[in-house]
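# Survey of secondary and tertiary structure
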Amino acid sequence: MKSIHSFLGIALLTAIWNQVQAQKFQQVLQSEITESNPGILFTVESGDESFSWSGAAGINDRALGDSLQIEETFRIASVTKTYVAAGILRLMEKSILKLEDPISKHISQEHAKILSQDYDLDQITIRQILRHSAGFFDHTNAPEFFETVLNAPDHEWTRTEQLQMGVGKGDPIGLPGKQFSYSDTGYVILGELIEKYTGKSLDSGLKELLRIEALGLNRTDFERMDAETDQLRIHQYFQGRDTYQFSPTMDYYGGGGILSTTQELVDFFQALFQGKVFEKAETLEIMLEPVTYETKARMDYQMGMYKIKVNGLEAFSHSGFWGTQVIYIPELNLYMSANYSGGWRGSAVAPIFEKILLEMGKSSE
């Protein structure tokens, strides 16, 4: 009987501790709400799932003043690149392509003709595109791109149009493999390869390659592909402007395009790092292999993933234009994801991660 009482006492203390910790976490989330950032969604979870917490703070639609809910979805933007890179590596595992293959071997004739105006596609490899070292000008850096997005937000972009802009509005950054230069254009090309070799849409092709549904990721979908996931989408803001009606095609073909939740972002990163996505353990090693250049890169980027430090702790991460970031801290076996509906500025790491780690008493010191 004594052991039962002891067990119940420990369980009660644990429950009280968890409740107090949850209240503190919620207060941290609330502290991130500002005039420019009306809402935040957040998940933190240990790798063994012994600890997990999700929270939401702030409002969704400023016009309605409705509260954000933790199960709501959002545009993850460039975090999509992690999924696309993993998809390409799955095609490698299936011996459909090799990372040293020139992109000329795989890209459509239509798009090869466009890109060949500026680039020698026989000299650009899939590995270089995955690492953003192919030298592609990023079409989103053309002033005309955001002029169209902001002035005609319902414009329906095509992959071909984006590749044409990448060639017509900017010069190559440099020789293939010689420098890092982040480029959505490269991942738009990789998205085409996934569609080509799966014979499906990018949404369906990635779900097949990455076992998205088998992993239980029911709210991880490209926009316009699942009515319920679309219905749960929150309002996201750019410089105070509600972008809810912006066409998803601005960021849809591999550089971005996925909707998800903070919990499912954490779930996918866990599956990736715990060996549930790739067939072979060495594939993850290839994905995360360090890269160096003569001129130091402004990001420590591998393939669809990059390394950062959070409170002195090394982490793997990806972030996206619409205020999303996911991180994995190996030393703590800890995963976190967040979406700031108004974005954050001034740092490579979303401030919420540092604040939550401090609340947990976690740092390298």
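Every value quoted in this text rests on a predicted model; they were computed, and no experiment measured them.

## Here we look at the pattern of salt bridges
- A full pass over the atoms with the stated rule returns 19 salt bridges.
- A salt bridge links Arg219 to Asp226; its shortest N-O distance comes to 3.0 Å.
- Since its relative accessible area comes to 16%, Arg219 is described here as buried.
- One salt bridge in this structure joins Arg219 and Glu228, with 3.7 Å as the shortest N-O distance.
- Given the relative accessible area of 45%, Glu228 is considered partly exposed.
- Residues joined in a network through salt bridges with shared partners are Glu100, Arg127, Arg131 and Glu289.

## With respect to helix H2 (residues 80-93)
- In a regular helix each residue adds 1.5 Å, so 14 residues correspond to 20 Å; H2 covers 20 Å between its end C-alpha atoms and thus fits that length.
- Ser95 sits one or two residues past H2 and shows a positive phi near 60°.

## Focus: the packing of aromatic side chains
- Following the criterion strictly, the structure yields 22 aromatic pairs and no others.
- Ring centres of Tyr340 and Trp344 lie 5.6 Å apart, and the angle between their planes is 50°; this geometry places the pair in the tilted category. Of the two residues, Tyr340 and Trp344, neither departs from the other in class, the shared state being buried.
- Three or more aromatic residues joined by ring pairs form one cluster here, namely Phe145, Phe146, Trp157, Phe238, Phe321 and Trp322.
- The ring of Tyr237 has Arg62 lying over it, and the distance from NZ or CZ to the ring centre is 4.9 Å.

## Thoughts on the pairing of strand E11 (residues 324-329)
- The buried count for E11 comes to six of six residues, which makes it a mostly enclosed element.
- Burial along E11 is two-sided: the face carrying Thr324, Val326 and Tyr328 and the face carrying Gln325, Ile327 and Ile329 are both buried.
- As defined by bridge partners, strand E10 (residues 313-320) adjoins E11 across five bridges and the pair is classed as antiparallel. By the bridge assignment for E11, Ser319 is matched with Gln325.
- Linking E10 back to E11 in an antiparallel pair, the connection comprises three residues, with Gly323 at a positive phi of about 85°.
- What sits between E11 and strand E12 (residues 334-340) in their antiparallel hairpin is a turn of four residues, with Asn333 showing a positive phi close to 50°.

## Description of the packing of helix H6 (residues 159-168) against helix H7 (residues 184-198)
- Two elements in contact, H6 and H7, have axes separated by 10 Å at closest approach and are oriented at 145°. Considering how the two elements wind past one another, H6 and H7 form a crossing that is left-handed. Of the residues in H7, those touching H6 at Arg159, Gln162 and Leu163 are Thr185, Val188, Ile189, Gly191, Glu192 and Glu195.
- Taken together, the residues that form the contact of H6 with H7 break down as three nonpolar, three polar and three charged.

## A look at the sheet that holds strand E3 (residues 74-75)
- Spatially, three strands are ordered E3-E7-E4 in an open sheet, and the strand pairing comes out antiparallel. This sheet does not close on itself; its edge strands, each paired only once, are E3 and strand E4 (221-222).

## Some details on the environment of Met303
- Position of Met303 among the secondary structure elements: in the loop between strand E8 (300-301) and strand E9 (306-310).
- Residue Met303 is classed as buried on the basis of its relative accessible area of 0%.
- In sequence terms Met303 and Ile129 are 174 residues apart; their C-alpha atoms lie 8.7 Å from each other.

## Focus: the confidence of the model for the protein chain
- In the predicted model, the protein chain carries a mean pLDDT of 95, and the fraction of residues at 70 or more is 95%.
- Throughout residues 5-13 the model reports pLDDT below 50, and contacts reaching past four residues in sequence, or to other chains, amount to zero contacts.

## Quick look at the nonpolar core
- In terms of nonpolar packing, the biggest core is built from 110 residues, with Phe42, Tyr83, Met287, Met336, Ile352 and Phe353 touching the most fellow members.
- When residues of this core are assigned to their parent elements, the largest contribution, eight residues, is made by H2.
- In this structure Tyr83 touches Ile76, Leu206, Leu210, Ile212, Thr220, Ile258, Glu264, Leu265 and Phe268, once residues within four positions along its chain are discounted.

About the thresholds
Residues numbered from 1 in each chain as written. Predicted model: local features only at pLDDT ≥ 70, side-chain atom pairs only at ≥ 80, totals over all residues. Heavy atoms only, no water. Salt bridge = Lys/Arg side-chain N within 4 Å of Asp/Glu carboxyl O. Buried < 20%, exposed > 50% of the residue type's maximum accessible area, 1.4 Å probe, protein only. Helix = DSSP H or I, 4+ residues; strand = E, 2+ residues; numbered from the N terminus. Expected span 1.5 Å × (residues − 1). Phe/Tyr/Trp six-rings, centres within 6.5 Å; stacked < 30°, edge-to-face > 60°. Lys NZ or Arg CZ within 6 Å of the ring centre and 35° of its normal. Pairing = 2+ DSSP bridges. Axes fitted to C-alpha atoms, helices over the stretch in contact; angles between N-to-C directions. Left-handed = near helix turned anticlockwise from the far one by under 90°. Contact = heavy atoms within 4.5 Å. Nonpolar A, V, L, I, M, F, W, Y, C, P; charged D, E, K, R; others polar. pLDDT = per-residue confidence, 0-100. Core = buried A, V, L, I, M, F, W, Y, C linked by side-chain atoms within 4.5 Å.

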